Each structure stands twice: as structure tokens, then as C-alpha cells.
Protein chains: 2
Amino acid sequence: MTEIDLLIIPRWLVPVDSNESILEKHAVAVHRDSILEIGPADRLKTKYTPTQTVSLPDHVLIPGLVNAHTHAAMTLFRGYADDLPLMEWLNDHIWPAESRWVNEKFVKTGTDLACAEMLKSGTTCFNDMYFFPDVVAKCAQNAGMRACIGMIVVDFATVWAQNADEYINKGLDVRDSMRHSNLVTAAFAPHAPYTVSDQPLQKIATLSDELDCPVHIHLHETAHEIEESMARFGMRPIERLDQLGLVGPRLMAVHMTQLLPGEIKTLSERGVHIVHCPRSNLKLASGFCEVSKINESEINIAIGTDSASSNNNLDMISEMMTASLLAKGVSSSPTAMNAYAALKAATMGGAKALGLEEKIGSIETGKQADLCAVDLSDIASQPVYNPVSQLVYSASSRQVSDVWIAGQRLLESGALTTIDEEQVKADTLEIGNKIKKG
Amino acid sequence: MTEIDLLIIPRWLVPVDSNESILEKHAVAVHRDSILEIGPADRLKTKYTPTQTVSLPDHVLIPGLVNAHTHAAMTLFRGYADDLPLMEWLNDHIWPAESRWVNEKFVKTGTDLACAEMLKSGTTCFNDMYFFPDVVAKCAQNAGMRACIGMIVVDFATVWAQNADEYINKGLDVRDSMRHSNLVTAAFAPHAPYTVSDQPLQKIATLSDELDCPVHIHLHETAHEIEESMARFGMRPIERLDQLGLVGPRLMAVHMTQLLPGEIKTLSERGVHIVHCPRSNLKLASGFCEVSKINESEINIAIGTDSASSNNNLDMISEMMTASLLAKGVSSSPTAMNAYAALKAATMGGAKALGLEEKIGSIETGKQADLCAVDLSDIASQPVYNPVSQLVYSASSRQVSDVWIAGQRLLESGALTTIDEEQVKADTLEIGNKIKKG
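Residues numbered from 1 in each chain as written. Chains lettered and ligands numbered in written order. Predicted model: local features only at pLDDT ≥ 70, side-chain atom pairs only at ≥ 80, totals over all residues.

Enquirer: Which residues make up the overall build of chain A, and what values do they have?
Expert: In terms of helices and strands, chain A carries 15 helices and 17 strands. In summary, chain A has a C-alpha radius of gyration of 21 Å against a globular reference of 22 Å for 438 residues, a match within 12%. Dimensions of chain A, computed from C-alpha atoms along their principal axes, come out at roughly 65 × 45 × 45 Å. Per-residue burial over chain A gives 61% buried out of 438 residues. For chain A, long-range pairs separated by at least 24 residues make up 72% of all intrachain contacts whose partners lie at least 6 apart in sequence. (Helix = DSSP H or I, 4+ residues; strand = E, 2+ residues; numbered from the N terminus. Rg over C-alpha atoms; globule rule 2.2 N^0.38 Å. Buried ≥ 20, exposed ≤ 12 C-beta atoms within 10 Å, placed from the backbone. Contact = placed C-beta atoms within 7 Å.)

Right under this line is the structure:
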């Protein structure tokens, strides 16, 4: 009998492997921060002496969800300006509000709020892009959450930096300060082709190669973006990024609603990752990301919620559902992105995009113990013929009961263990009231 | 001081009126089954002596949601056959399973399960179409829920009736037996143009006129339906129904994903009601109902979930969100179907479709006290700038705390008062296990 920290025995175990397995009567042995073994529950019970055994008799255990595109702090703008076109929403509402309200305290409170919401809905890792990535990193570490912080870059001055060089240098400083973290990694995060000029993009391409560091960018989000690029640069954004050396396996291209067949081919050949944000694309009427065609080209697809001000939540379970339903609607094929494929995109897809596929994204021996349990005893999940169908097409994120990250139990029967939820609500109310009063 | 049964004091009160009001510091006075008065909380507190006062300090109070298209009993097939095309799903899975499993007990259990789910997610009235409408009516009455039962008609024999005449007669018998009910009404429910021939449709048109009774039908659900109608009848289904006398203000036309501009004009002129089922249309890849164009023509739009076997839930809050987001995506306009419009479709839209707009659909003096409270203190609803935005774009149905129908509190702080939830789960498990074993 080997002593281990934790044995989890769920009703169903969905490892998210290439066989699309759904295991019953299986358990997961966890020691320290890692998955030691997956196997039949009866065998593991006789093999190990766990300090803690967690039985989840009505639950499906899945890999922690990876939210591949967030602006976590913007959760403070949830519902602040709805039902508006993208550029009006940005130019007349979000950007003015940001320039007025965003500071370190705002980012701290907004990110704490986002982490609380994400943990309670089963997300264990988020890929962020926002000002004060140092604060975002600290919030994630304090909560025990995994995050890829964005070394944000825009051409114009903000409260975080004055010019592209300063953005890049400050970002790299934050990245360096996190280099020993097991939880926090970093990506270059040039905001979009229309907010970052050639010179900094080229510099980012070089640094990304040298440091083997991912690049996180909004790309081909709207038809307007393409038109503007044609007018300014005489080419579409993807072509421009390609000329600048950015189109490769380190690129996380977010949105991608406007793609020509030749572009899909290029993205596939270069191993680019597409981050699909279906609810944000719908809400801002940005266009449709043609997941079905992208899938045929074997491009890796991750799923992101985008910010809670264009969604309006950070609910990856709802986002999987929308991704799957929308893929069917847009392709006119009800077989497009089935439930397991949606779950795969929301876990392994995100892990691959972040270059973390050896570490997270599936329940496998040796990987980090990033796990999420969803209680399917809810009346709205009955009866259960297939737990993955129930998870993607029926479940609410409120059925998430337990979450572990690197073996630490951050959500226990629905209660957060590392975040003071009432304090976060109080801090949110204070800032929200200020913003409301203008 | 007048004695009344109930005073409800919510944080926000959204009556769903033509001014799109969002009231604060207001209360609703309820006596017996009706709304007696809406007014400033302080004034009503001094005017009335309520037997019960319910304070809802973090909640938005809305009219009970009207699910305008269900096959409630099919909740037992939730997740039974996913990711399949409509006709294959019907022909090879759902219809064979129905002919094998559907009987009175199935309909009782499935409808109880559906009622439990609907009440817990804020639905107070559902418009059903299924076999054994007598059983559906009894389930609704036992639960205290409002329902419009469907007098289902198809050409072929089933466990409920042998031929069209028998369907119609049995349906009318059920309708007659419910004529004194305050909760249950009835509609003719010819399944679809492709399953009901001209003669019974004509008879239904005549009876609908004579009895002033609504007609509930799947219409223009898929391109395939149109093609088949062109081949069989030499005309599109709407034209055929028009020739048979069915296209008028009593018609609830469900789905409507295939509409020509001329058809939209006709529907508008005739006062037809469209029941939009966005999640079902997406999941079965049936096509898009162009809500934005329909809205321009001032056609009444209601929202339905369709059955839980093509959705896979009966969650009207999620359905409002999908309706609103999809309207924006499909019309390329982020201003399409704003949050209040979605709420209106899910309440007054349904009430109008059912011919019940004098009785339900809004919080107004003299209307039935069909009310739903949603708790916005959830971390994923913070901060609250606009409670209607939070309700439609952020909230989960799990935040529904209290539901009243005709003044009776059927959900109290999340607990059902008229349905034994554990018994329903046990009955569901029994039938679900049988179906799973084949």
C-alpha cells in the first residue's frame, strides 16, 4: 500500500483522450500536484492509502476547463454597455470607461471577481490579456489558479505603459518575475492588428522565437477589421502578420470569423491555434468562426469566453454548448462539433494553444491534477444516457461542485477555499457603484 | 388597511410593459390568484396588511416565463440521441423509441420531470404537444402549473389514437374536461404539414374558428420540409396551410427557419404568431429563424425550448440568451433583440401566442399572479448595472429562487412545494434504465 494524498472516485471519468473514453467505476490517484494513476476504482483502493478519499457518486470528473481568451478584470464592466456594435462599444463605451476607471485596484478586484466566477464554473486555467499583468499574475497565484498572463502591447499610451517598447519591457519583467511559478506562464499579447503597428509586431515575433513564448492576439474578428487593413496596408491582417513573422505554432489567433479557404490552409500548415469565442462573436455580431471547416483542416481549436463585458459571463460550460450548437447551425450539419469534441476544445485545445499540452488538458498519468467535478444529479440533467452529452448540452455551470488545481482543492462542494467570496463581492460593489454614478 | 394574501418586495421589478420599465423600491400586492396592485413599496406597506410578506433583497421579479413550444414528456429522451440530422434523428431514433416506450406512465413521469425542471427555472406556463394530453393536463394541474395542452393530430396510428378523426375527438374530449380549469387550456396541435394531410387540417381550421381555439404546428422547420412540400403539393407549406384556412391570428407557427419576404408579409397581415426555438434549430441544424426581419414586420414572437431531446433542456433563461445572441449574429446587427426584447418574447410574446395576453405575460393589476424571482447576488451576476441585462446575458436558471402561479408559491427559495422531486427522479431513473438497456 502506497501512501498518497488523494483518491477521487467519480461516477463517470472523462479523461479526454484520443479514444473519447467515458469510464465508469474508475478512480484517479493524486499525489502532491500530479496525477499518479487512473484505473479501476477497486484496484486503486487496494493499491493506495490516500490521506483523503473523495467520493463523487453522481458526478462526472473532467479535466479542468481552459478558458483560452479572457480579459478577466473587465468582469467589472459586465452588463455596462450591451446591445451595441463592436467599434461603437469599444470607442464610445469600453475604452473611455477603461481610461477613466482602470488602475491597479480595479484590475485586482476585477481579476479576483473573475477568478471566483471561473473556479465556481470549473475553469482551472485562463489565458488573459489586460493591463497590469503583474496584478493578474498575483491574483491567480493567490487563488491557486493557473493562468497565462498577457504581456499586452498597444501603440497608444495607457495607465500601464506609454509606448510599445515600454509595454514589451514591462511585460517581460512580469514574465521574468514568474519564471519559477508552477501556475503562471506568459504570452505576448499584442491587442490586435489595428492597434499595434509593424515595428512592435516584428519585435514580438523575434522575441517570441528567441524565448519560445506564445503570442495572443485578436485576429480577423470582424469584416471591418479586414476592410481597414486592406485600406491601410493593402493586405488582410493574416498576410500582414505573416510578413512580420508571426504566423506559426506559437500564435493563438482569437476570433477568426473572416477566413478565406487559402488562409485556413496556411493556418493549418503553420500549426496556428484558433481560439473560438462563440458568444462574444454572436453578441457583438462580429461574424461566424467556421469551426467545421477549420476542423477539417486539423487546426487546433480552443474555446474562450472573451470578457464578461461582451459575453456576459466566464462560463465555459455554457460556452462549450454554444460552440457546439453554433458549429451545427453555421455548417448546416448537426453532426458538427459533437459533445466530446466541444469538451476536447475546452480542455486539450486550450492546453495545446498555450503550449501546455504536456502538463494539462486531460486526465493522464503524470499531468498536473487540474480537475473539475460536475454533479449530474440535478433534475435538469435527468436521465443520464451519456454524461458528456449532459455536460455539454444540458448542464449548468452551477452544477460544478469541486475543482482541483495542481492537486489543491480550490472548490469544495460549491464553496471556494482560497477566495473570500463575500469580500470580493463587497469590493466589486464599491467599484461598481462608483462606475454607475459616472 | 386592506387584508391581502401576499406582498412581494423585490430589489428590482420588471413588469414587461410598453415603457420597458425597470422599477426599484416597488412591490407587488397579490390577493388570491391575482395581482391587486403594483406600486412604491413604502406606500403598499402602509396600504395593505398582508398575510405573508416576501422580501427579495437581491432579486429581480419578472413575469413567469412562458415556454411556447414543448413536448414535455420527451424529457425522458434527454441526451438519448444527439448530434444527428433532424430526419435521421426522428426516423431512426426518436420515433422508434416513442413507439416502443411511450405509454401513459411514460407521459406522466416525463411531464412531471419537465414540470419540475420548468418550475425550478422560472417557467410558469408551457405550450405542449404530445400524446396523452389528458395526462399532461393532470400533471400540470397537480403541480399547479399553467399549461396549454396540445390536441395532437398525425395521419398515422400511435398508442394515443388510430386515425385523424380519433385524434381530434379524443383531443376535444380532453379540452372539454378542462373547461373549468383556471390553469389548463388547449390548442389543436397538428404535428406538421408533412405528417397531417389536407382533410384533417381543414377540419381543424373549421373547429378552430368555431371554438376560438389556437392551432399549434411545426412549420417551415427545415429546407427539406419545403422541398418535400413542393414535390408533394406543388406549393410551400405556408401556402398550403393558407389554402386550408389555417393562416390567421390563432396560428402558432413553430420554428419558421425558411421564410420568403412575401411570406413574412402574409404572416404579419394575418396576425400569425411565430414561436422561435433557437437552441433546437441550432442543434438540429434546421436553419435560422430571422428574428430581426420578423420583428421589423411587427409579428408577435414567442420563445420555446422544444423538447429536451433536441435542446437538451427546458431552460427559458438560457433560451432567451440564445435567442438574443443568435438574432444579433444572424442579422449582423448587435442591436437586434436586446435584452428587454428577449424577456418580452419569453413572457408577453408567449401569452399573446396562446391568446392569454389579458391574463398573463406581464406584471399588471388584474392579471394572474404568475411571477418569477431571480437572485442576482450570485458572483457571476456582479456587478449589476442593469438587471435585465444580467438576467438575459449572465444569469443561470439556477438563480431562480421563487415562483408563483395564480398566487400559489410553487418554488420557495429553490425548493419545489407541489412536486416530490426525489420521487420524480426515482421514477425517471427506472424508465431511463429500461430505455438504456433497450
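Don't stop here, the text continues.
Enquirer: Which residues make up the interface of chain B and chain A, and what values do they have?
Expert: Bring the parts together and some accessible area is lost; that lost area is often taken as the interface size. The interface is formed by 51 residues belonging to chain B together with 51 residues belonging to chain A. Among the secondary structure elements, those contributing two or more residues to the side of chain B that touches chain A are helix 3 (104-120), helix 10 (278-283), helix 12 (316-331), helix 14 (387-394) and helix 15 (421-437) of chain B. For the side of chain B that touches chain A, the leading source of residues is helix 15 of chain B, giving six residues. Of the residues belonging to the side of chain B that touches chain A, the class tally is 20 nonpolar, 18 polar and 13 charged. (Nonpolar A, V, L, I, M, F, W, Y, C, P; charged D, E, K, R; others polar.)

Enquirer: Describe the relation of the copies chain B and chain A, with residues and values.
Expert: By a simple turn and slide, chain B fits onto chain A: the slide is 0.0 Å along the axis, the RMSD is 0.0 Å, and the turn is 180 degrees. In the structure described here, the two chain copies are related by an operation that fits a two-fold rotation axis. Here 100% of the contact residues of chain B are again contact residues in chain A; the copies associate through an equivalent surface. (Least-squares fit on C-alpha atoms with pLDDT ≥ 70 in both.)

Enquirer: Which residues make up the domain arrangement of chain A, and what values go with them?
Expert: All names here are of chain A. The domain architecture assigned to chain A consists of domain 1 (2-63 + 368-406) and domain 2 (65-353). Between the C-alpha centres of domain 1 and domain 2 the distance comes to 29 Å. The interface of domain 1 with domain 2 comprises 20 residues on the first partner and 25 residues on the second. Listing elements by their share of the side of domain 1 that touches domain 2, those giving two or more residues are strand 5 (48-63), strand 14 (371-375), helix 14 (387-394) and strand 15 (400-405). At five residues, the largest contribution of residues to the side of domain 1 that touches domain 2 is made by helix 14. Each residue belonging to the side of domain 1 that touches domain 2 can be placed in one class, and the counts come to 15 nonpolar, two polar and three charged. (Domains from an automatic or database assignment.)

Enquirer: Residue-level account of the environment of cysteine 277 of chain B, with values.
Expert: All names here are of chain B. Within the element layout of this structure, cysteine 277 appears in the loop between strand 12 (273-276) and helix 10. Counting along the chain gives 201 residues from cysteine 277 to leucine 76, while the straight-line C-alpha distance between them is 19 Å. Residues in contact with cysteine 277, not counting those within four places in the same chain, are His69, Val254, His255, Gly304, Thr305 and Asp306.

Enquirer: Go over the confidence of the model for chain A, please, and point to the residues and values.
Expert: Residues with a pLDDT of 70 or more make up 100% of chain A, whose mean pLDDT is 97. The complex prediction reports pTM at 0.98, with the ipTM value standing at 0.97. (pLDDT = per-residue confidence, 0-100.)

Enquirer: An account of the packing of helix 3 (residues 104-120) of chain A against helix 15 (residues 421-437) of chain A is needed here, citing residue identities and associated values.
Expert: Packed helices, taken two at a time, are described by the angle their axes make and the gap between the axes. Residues and elements named next belong to chain A. Running from N to C, helix 3 and helix 15 point in directions that differ by 135 degrees, and their axes come no closer than 9 Å. In this view, helix 3 runs oblique relative to helix 15, as classed from their interaxial angle. The handedness of the crossing between helix 3 and helix 15 comes out as left-handed. Contacts from Phe106, Thr109, Asp112, Leu113 and Ala116 in helix 3 reach Glu421, Val424, Asp427, Thr428 and Ile431 in helix 15. Its residues assigned to classes, the contact of helix 3 with helix 15 shows five nonpolar, two polar and three charged. (Axes fitted to C-alpha atoms, helices over the stretch in contact; angles between N-to-C directions. Parallel < 35°, antiparallel > 145°, perpendicular 65-115°, else oblique. Left-handed = near helix turned anticlockwise from the far one by under 90°.)

Enquirer: Explain helix 14 of chain B to me, and be specific about the residues and the numbers.
Expert: Counting buried positions over the eight residues of helix 14 of chain B gives eight, a clear majority of the element. Every buried residue of helix 14 of chain B is accounted for by Pro387, Val388, Ser389, Gln390, Leu391, Val392, Tyr393 and Ser394 of chain B.

Enquirer: Account for the packing of helix 12 of chain B against helix 13 (residues 339-353) of chain B, naming residues and giving values.
Expert: Residue and element names in this part refer to chain B. Between helix 12 and helix 13, the shortest axis-to-axis distance is 9 Å and the interhelical angle comes to 130 degrees. Considering the angle they form, helix 12 stands oblique to helix 13. Here the hand of the crossing between helix 12 and helix 13 comes out right-handed. Taking contact as the criterion, the partners of Met316, Met320, Ala323 and Ser324 in helix 12 are, on helix 13, Ala339, Ala342, Leu343, Ala345 and Ala346. By residue class, the composition of the contact of helix 12 with helix 13 is eight nonpolar, one polar and no charged.

Enquirer: Which residues make up the nonpolar core, and what values go with them?
Expert: Residues and elements named next belong to chain A. By size, the foremost hydrophobic cluster in this structure holds 158 residues, and its most contacted members are Ile8, Val136, Ala147, Val153 and Leu343. Here this core gets 10 residues from one element, more than from any other, and that element is helix 13 (residues 339-353). Built from parts of two domains, this core gets at least three residues from each of domain 1 (2-63 + 368-406) and domain 2 (65-353). Among residues more than four places away in sequence, those in contact with valine 153 are Ala164, Tyr167, Ile168, Phe188, Ala189, Pro190, His191, Val196, Pro200 and Ile204. (Core = buried A, V, L, I, M, F, W, Y, C linked by C-beta atoms within 7 Å.)

Enquirer: Tell me about the environment of serine 389 of chain A, residues and numbers included.
Expert: Its place among the elements puts serine 389 of chain A in helix 14. With 142 residues separating them along the chain, serine 389 of chain A and valine 247 of chain A place their C-alpha atoms 35 Å apart. The residues contacting serine 389 of chain A, other than those within four sequence positions of it, are Ala339 of chain A together with Gly79, Asp82 and Asn312 of chain B.

Enquirer: Describe in detail the environment of glycine 361 of chain A, supporting the description with residues and values.
Expert: All names here are of chain A. With respect to the element layout, glycine 361 can be found in the loop between helix 13 and strand 14. For glycine 361, a count of 28 C-beta atoms within 10 Å gives the class buried. Remark: the alpha-carbon pair of glycine 361 and leucine 284, spanning 77 residues in sequence, is separated by 29 Å. Non-local contacts of glycine 361, meaning those with residues more than four positions away in its chain, are made with Pro63, Val66, Thr347, Met348, Gly350, Ala351, Lys352 and Leu356.

Enquirer: Quick one: what's the story with helix 2 (residues 86-101) of chain B, residue by residue and with numbers?
Expert: At isoleucine 94 of chain B, helix 2 of chain B shows its maximal bend, which comes to roughly 35 degrees, and the proline proline 96 of chain B appears one to four places after that position. Taken together, the buried positions of helix 2 of chain B are Leu86, Trp89 and Ile94 of chain B. (Bend = angle between axes of the 7 residues up to and from the residue.)

Enquirer: Can you break down the pairing of strand 5 of chain A residue by residue, with the values?
Expert: Of the pairings in the sheet, the one linking strand 1 (residues 2-13) of chain A to strand 5 of chain A comprises 10 bridges and is parallel in character. Its bridge partner lying in strand 5 of chain A, tryptophan 12 of chain A is registered against valine 60 of chain A. (Pairing = 2+ DSSP bridges.)

Enquirer: Run through the pairing of strand 12 of chain B, naming residues and quoting values.
Expert: Residues and elements named next belong to chain B. Of the two faces of strand 12, both are covered, the one formed by His273 and Val275 as well as the one formed by Ile274 and His276. As paired elements, strand 12 and strand 13 (residues 300-303) share four bridges and run parallel to each other. Among the inter-strand pairings, isoleucine 274 is bridged to a residue of strand 13, identified as isoleucine 301.

Enquirer: Report on unusual backbone geometry, specifying residues and quantitative values.
Expert: Look at the link from glutamine 382 of chain A to proline 383 of chain A: it is a cis peptide, with omega at -20 degrees. In this fold, proline 383 of chain A is placed in the loop between strand 14 and helix 14. Residue aspartate 306 of chain A is not a glycine yet carries a positive backbone phi of 60 degrees. Look at aspartate 306 of chain A and you get buried, because 30 C-beta atoms sit within 10 Å. The backbone phi angle of serine 332 of chain B is positive, close to 55 degrees, even though this residue is not glycine. Relative to the helices and strands, serine 332 of chain B resides in the loop between helix 12 and helix 13.

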